Amino acid sequence: MGVRVVVVDDHRLLAEALASALKLRGHRVLAAAAPAAGAAELVISRAPEVCLLGTATPAEPGVFEPVVRIKRERPQIAVVVLGPVPSPRGIAAAFAAGACGYVRQDERIEGVERALAKARTGEAAIAPQLLQGAFAELLNPAVQPDDEAGRLLRLLTPREVEVLMRVAEGEDTRLIAAGMAIAPSTARTHVQRVLMKLGVGSRLEAAALAARTGLLDRARPGPSSTEPPATKG
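Residues numbered from 1 in each chain as written. Predicted model: local features only at pLDDT ≥ 70, side-chain atom pairs only at ≥ 80, totals over all residues. Heavy atoms only, no water.

### Looking at the environment of M165
What counts is decided by this rule: Helical segments are the DSSP runs of H or I of at least four residues, strand segments are the runs of E of at least two, and each set is numbered from the N terminus. Exposure classes here rest on a 1.4 Å probe applied to the protein chains alone. A residue is buried below 20% of its type maximum, exposed above 50%, and partly exposed in between.
Relative to the assigned elements, M165 resides in helix α8 (residues 158-168). Residue M165 is classed as partly exposed on the basis of its relative accessible area, which comes to 22%. It is 9.7 Å that separates the C-alpha atoms of M165 and H11, two residues lying 154 residues apart in sequence.

Below is the structure:
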């Protein structure tokens, strides 16, 4: 029996791709959206059995405020977080806010389905190896955390970073070309170079990798940014 689910992720392409995969496997997707705000309102209004909430920065303060509101107003809705390779702080913050599960964004669809089934029945939906890894990091913290996003950004030119951001927003070659004022053939070449440098085989994989590592959030300019997003090339 399928699960009634809402998929929320800041990256529209990922939300829609996951929603499509779940529909094909017999689940009832009530909504798939990428709201910068309003995630809690969307979930509360649709009243699913389970909400899949994507985030690239699970350890950031306030990122799980929508979970707190959902559980306060609709405690019967189970929330499973879709996040990057988790840190102990990220897992702790998710469960403290009221989430009942944590699934990696690069998990196979079968793993996501298992998490949905567990969450619907009130079980904790988190793989034992994720908990083991979190505990291991707590007991033996790394001297310097692995900065995968920084490493990937250093592989890309500023223009390729912009292309990757547009790919993650679901733009096709025509829209990328129009938005960057370049020829479609040039846009296609940039996309292929991005895929090659990231070591992935498709645009969806590139978007998933960027979301999992937090690369896109690092690449976006901000008032406190003191480091250029990429090297020149």
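There is more to say after this.
### Let's talk about the sheet that holds strand β4 (residues 78-83)
Heads up, the condition is: Note on pairing: DSSP must find at least two bridges between two strands before they are called paired. Residues are treated as being in contact if the distance between any of their heavy atoms lies within 4.5 Å. To get an axis, a line is fitted to the C-alpha atoms, and for a helix only the part in contact is used. The angle between two axes follows their N-to-C directions and goes from 0 to 180 degrees.
Taken together, the six strands give an open sheet; going across it, the order is β2-β1-β3-β4-β5-β6, and neighbouring strands pair in parallel fashion. Since the sheet does not close on itself, it has two edges, and those belong to β2 (28-33) and β6 (125-126), each with one partner. Looking at chain direction, strand β1 (residues 4-8) and β2 are connected through five bridges and run parallel. Residue V7 lies in a different strand from β2, and its bridge partner there is A32. Against the sheet, helix α4 (residues 88-97) touches β4, β5 (101-104) and β6, its axis set at about 140° to β5.

### Structural notes on the confidence of the model for the chain
Note the following rule: Each residue carries a pLDDT value, the predictor's own confidence for that position, ranging from 0 to 100.
Summarising the model, the chain shows a mean pLDDT of 84, and 87% of its residues fall at 70 or more. By mean pLDDT, the top-scoring element of the chain is β1 (96), and the lowest-scoring one is helix α6 (residues 128-139) (67). Overall, residues 222-233 carries pLDDT values under 50, and its contacts beyond four positions in sequence, including any with other chains, amount to 15 contacts.

### Focus on the packing of helix α1 (residues 12-24) against helix α11 (residues 203-213)
Selection rule: Helix crossings fall into two classes, left-handed where the near helix is turned counterclockwise from the far one by less than a right angle and right-handed where it is turned clockwise. Any residue that is not Ala, Val, Leu, Ile, Met, Phe, Trp, Tyr, Cys, Pro, Asp, Glu, Lys or Arg is counted as polar, Gly included; the first ten are nonpolar and the last four charged.
One way to put it is that α1 packs onto α11 with a least axis distance of 10 Å and a crossing angle of 115°. α1 and α11 meet at a crossing whose hand is left-handed. In contact with L13, L14 and A17 of α1, α11 contributes L204, A207, A208 and A211. For the contact of α1 with α11, the class distribution of residues is seven nonpolar, no polar and no charged.

### Examining the packing of helix α2 (residues 39-46) against helix α3 (residues 65-73)
Going by this rule: Throughout, the term roughly parallel applies to angles under 35 degrees, roughly antiparallel to angles over 145, roughly perpendicular to angles from 65 to 115, and oblique to all others.
For the pair α2 and α3, interaxial distance at closest approach is 9 Å and the crossing angle is 30°. Judged on the interaxial angle alone, α3 and α2 are roughly parallel. The handedness of the crossing between α2 and α3 is right-handed. Counted together, A39, A40, E41, V43 and I44 of α2 and P66, R69, I70 and E73 of α3 form the full contact between these two elements. Of the residues belonging to the contact of α2 with α3, the class tally is six nonpolar, no polar and three charged.

### Regarding the pairing of strand β3 (residues 50-54)
The following threshold applies: With the strands pointing away from the viewer, any crossover whose connection runs clockwise from the first strand over the helix to the second is right-handed.
Among the five residues in β3, five count as buried, and that is most of the element. Neither face of β3 is left uncovered, since the one carrying V50, L52 and G54 and the one carrying C51 and L53 both have all their residues buried. Strand direction decides the pairing type here: β1 and β3, joined by four bridges, are parallel. Among the inter-strand pairings, V8 is bridged to a residue of β3, identified as L53. In terms of strand pairing, β3 meets β4 through five bridges, oriented parallel. Among the inter-strand pairings, C51 is bridged to a residue of β4, identified as V79. Taken together, β3, α3 and β4 form a β-α-β motif whose crossover is right-handed.

### What about the side chain of R166?
Stated formally: Each polar contact in these results corresponds to two N or O atoms within 3.5 Å; when the atoms are within protein, one needs to be able to donate a hydrogen and the other to accept it, and residues that are neighboring in sequence are counted only if both atoms are side-chain atoms.
With respect to the helices and strands, R166 occurs in helix α8. With relative accessibility at 18%, the residue R166 sits in the buried group. Reaching out from R166, the side chain makes a polar contact with the backbone oxygen of G179 at a distance of 3.2 Å.

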